[in-house]
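What follows is the residue order along each chain.
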Amino acid sequence: MPDSSSSARYSPALDDEAAWEWLIALSATAQRMTEASTLPPEAQTPQAAGPDVQQWLDCLTPLAARPQWVVAQLGQSLDGRMATESGHSHYINGPESLVHLHRLRALADAVVVGAGTAVADNPQLTVRHVDGPNPVRVVLDPRGRVPTTLALFQPGDVATLHITGPQVAPLNSAAEQCCLPLNAHGQFQPHDVIALLAERGLHRVLVEGGGITISQFIEAQAVDRLHLLVAPLLIGSGRPGLVMTPIDTLEQALRPTMRSFRCGADTLFDVELRRS
């Protein structure tokens, strides 16, 4: 008969549900912190986890344990495409990557999309594939072209912030409309968006799409981490993921540090763009 210490040593590994409950509790604790310099002591998992669970715990625990961050998430093919020429993109990435996205939403205070993504996808931007709180939904719409008939702007339990340019008239929807100035290119300055959200107590920000919006935030050095999910798929043509200002030499290229994780058949690259 094994003794009690032996039984404790071989206790069942932490499963997906228990690990997620622990991470959500850690996230709630970290939201009450005022500084993000160190992980709290409870950022150590309470018991061993299986290898699949440990993968996503290692990836997400640093986010859950910090009270503020900006993370961009992008899914693409091996050849850097996020949709075909016609815009078909459902689904490039596998179901595990969709779960990862919903975990990011549950950890975030706000989820941000551009006008193009809102119009093309009519997304819900809610947490459905895991249990967890819904973030405030934020639509960046400089010219006020996103129809207020979209699901994002209908009455419901989840708040939506509709950010428009100063020339856009008041819109009739259930969303809160606010204005920000536009730059010379007719777009919002990403740091202005982050500051506006912080004023509303929204300090954890997930920039979910599309590729142009994410590219603008990266170029403005407004993103702490990029979660790039790469599917084992070659499209050959179509809409690229990141579209940034052309450079002349490779010396000008970004060379960030990164970690990689298995996410079903996909590979998740956790790219550090700005030290927190």
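Because the structure is predicted, anything quoted here is derived from the model rather than measured.

Residues and numbers for the pattern of salt bridges, please.
On inspection of all chains with the given rule, the structure shows eight salt bridges. The shortest N-O distance in the salt bridge between Arg-274 and Asp-224 comes to 2.8 Å. You can see Arg-274 sitting in the segment after strand E11 (266-272) and its partner Asp-224 sitting in the loop between helix H7 (211-219) and strand E8 (225-231), a full 50 residues away along the chain. By relative accessible area, Arg-274 is classed as partly exposed at 30%. Residue Asp-224 is classed as buried on the basis of its relative accessible area, which comes to 9%. Here Asp-270 and Arg-259 are joined by a salt bridge, their closest N and O atoms 2.8 Å apart. Remark: Arg-259 occurs in strand E10 (residues 257-263) and Asp-270 occurs in strand E11; sequence separation between them is 11 residues. Given a relative accessible area of 0%, Asp-270 falls into the buried group. Given the relative accessible area of 31%, Arg-259 is considered partly exposed.

Describe the confidence of the model for the protein, and please don't skip the residues or the numbers.
For the protein, per-residue confidence averages 91 on the pLDDT scale, and 90% of positions sit at 70 or higher. For residues 1-10, every residue scores under 50 in pLDDT, and the model assigns this stretch zero contacts once sequence neighbours within four places are set aside.

An account of the pairing of strand E1 (residues 69-77) is requested, with residue identities and associated values reported.
Burial runs high along E1: nine of the nine residues are buried. Burial along E1 is two-sided: Trp-69, Val-71, Gln-73, Gly-75 and Ser-77 and Val-70, Ala-72, Leu-74 and Gln-76, pointing in opposite directions, are all buried. Relative to strand E7 (residues 204-209), E1 runs parallel, the two being bridged by four bridges. Residue pairing in the sheet places Val-70 in a bridge with Val-205 of E7.

With reference to specific residues and values, describe the packing of helix H3 (residues 51-64) against helix H4 (residues 95-107).
Two numbers describe how H3 lies on H4: the axes approach to 11 Å, and their chain directions differ by 20°. Overall, the two elements H3 and H4 adopt an arrangement that is roughly parallel. For the element pair H3 and H4, the recorded crossing hand is right-handed. Here Trp-56, Cys-59, Leu-60, Leu-63 and Ala-64 of H3 come into contact with H4, specifically with His-100, Arg-103, Leu-104 and Leu-107. A breakdown of the residues in the contact of H3 with H4 according to their chemical character gives seven nonpolar, one polar and one charged.

Provide a residue-level description of helix H6 (residues 190-199), including the pertinent values.
When H6 is considered as a whole, its buried residues turn out to be Pro-190, Val-193, Ile-194, Leu-196 and Leu-197. Burial along H6 is one-sided: seen end-on, the buried residues are contained in an arc of 160°. Gly-201, located one to two residues past H6, shows a positive phi value of around 80°.

How would you explain helix H2 (residues 16-31) if you had to name every residue and give the values?
Taking 1.5 Å of rise per residue, 16 residues should cover 22 Å, and H2 covers 22 Å from first to last C-alpha, within 8% of that figure. In this fold, the buried residues of H2 make contact with H3, H4 and E7.

Tell me about the nonpolar core, and name the residues and values.
The biggest cluster of nonpolar side chains holds 40 residues, and the ones touching the most others in it are Leu-23, Trp-56, Leu-57 and Leu-60. At the level of secondary structure, the elements contributing two or more residues to this core comprise H2, H3, E1, H4, strand E3 (110-114), helix H5 (115-121) and E10. The dominant element in this core, judged by the number of residues it contributes, is H3, at seven residues. Setting aside chain neighbours within four positions, we find Trp-56 in contact with Asp-16, Ala-19, Trp-20, Leu-23 and Arg-103. Membership of the second largest hydrophobic core comes to 28 residues, among which are Val-112, Val-193, Ile-194 and Ile-218.

Break down the packing of aromatic side chains for me, citing the residues and quoting the values.
One pair of aromatic rings is described through two measures. These are the centre distance and the angle between the planes. Enumeration according to the criterion identifies one aromatic pair in this entry. Here the basic side chain of Arg-103 rests over the ring of Trp-20, its NZ or CZ set 5.6 Å away from the ring centre. The aromatic ring of Trp-56 is capped on one face by Arg-103, whose charged end is 3.8 Å from the ring centroid.

Which residues make up the side chain of Asp-141, and what values go with them?
Residue position: Asp-141 is located in strand E4 (residues 136-141). A distance of 2.8 Å separates polar atoms of two side chains, one belonging to Asp-141 and the other to His-162. Among residues more than four places away in sequence, those in contact with Asp-141 are Ala-115, Val-146, His-162, Ile-163, Thr-164, Gly-165 and Phe-188.

Describe the environment of Gln-154, naming the residues involved and giving the relevant values.
Position of Gln-154 among the secondary structure elements: in the loop between E4 and strand E5 (160-164). Assessed through its relative accessible area of 36%, Gln-154 is described here as partly exposed. Within the structure, the side chain of Gln-154 is placed 2.9 Å from the backbone oxygen of Thr-148, a separation counted as a polar contact.

Conventions and cut-offs
- Along every chain, residues carry numbers that run from 1 in the direction the sequence is written.
- It should be noted that, the model being predicted, local features are given only for residues of pLDDT at least 70 and side-chain atom pairs only at 80 or more, the latter also being counted only at that level, while totals for whole chains, interfaces and linings use all residues.
- Note that the side-chain values use all heavy atoms of the structure and ignore hydrogens as well as water.
- The term salt bridge refers to a side-chain nitrogen of Lys or Arg lying within 4 Å of a carboxyl oxygen of Asp or Glu.
- Secondary structure elements are taken from DSSP: a helix is a run of H or I of four residues or more, a strand is a run of E of two residues or more, and numbering for both begins at the N terminus.
- Type-normalised accessible area, obtained with a 1.4 Å probe on protein chains alone, sets the label of each residue: buried when under 20%, exposed when over 50%, and partly exposed for intermediate values.
- Per-residue confidence from the predictor is given as pLDDT, running between 0 and 100.
- Two residues form a contact once any of their heavy atoms are found within 4.5 Å.
- In this analysis, strands are considered paired if DSSP registers two or more bridges between them.
- Orientation is described by lines fitted to C-alpha atoms, with helices fitted over the stretch in contact, and by angles between N-to-C directions that extend from 0 to 180 degrees.
- Here roughly perpendicular refers to angles of 65 to 115 degrees, roughly parallel to angles under 35, roughly antiparallel to angles over 145, and oblique to all remaining angles.
- Helix crossings get a hand from a simple test, with the near helix turned counterclockwise from the far one by less than a right angle marking a left-handed crossing and a clockwise turn marking a right-handed one.
- Amino acids outside the nonpolar list (Ala, Val, Leu, Ile, Met, Phe, Trp, Tyr, Cys, Pro) and the charged list (Asp, Glu, Lys, Arg) are all regarded as polar, and Gly is one of them.
- To obtain the arc, one takes the directions from the helix axis to the C-beta atoms.
- Here, expected helix span is obtained from the residue count minus one, scaled by 1.5 Å.
- Among buried residues, those of type Ala, Val, Leu, Ile, Met, Phe, Trp, Tyr and Cys that are joined through side-chain atoms within 4.5 Å constitute a nonpolar core.
- Any Phe, Tyr or Trp ring, taking Trp's six-membered ring, that has another such ring centre within 6.5 Å forms a pair; planes under 30 degrees apart are called stacked, those over 60 apart edge-to-face, and the others tilted.
- Should the NZ of a Lys or the CZ of an Arg lie within 6 Å of a ring centre and within 35 degrees of the ring normal, that charge is described as sitting over the ring.
- Between N or O atoms, a polar contact is any pair within 3.5 Å; within protein, one atom must be a potential hydrogen donor and the other a potential acceptor, and residues adjacent in sequence are included only when both atoms are from side chains.

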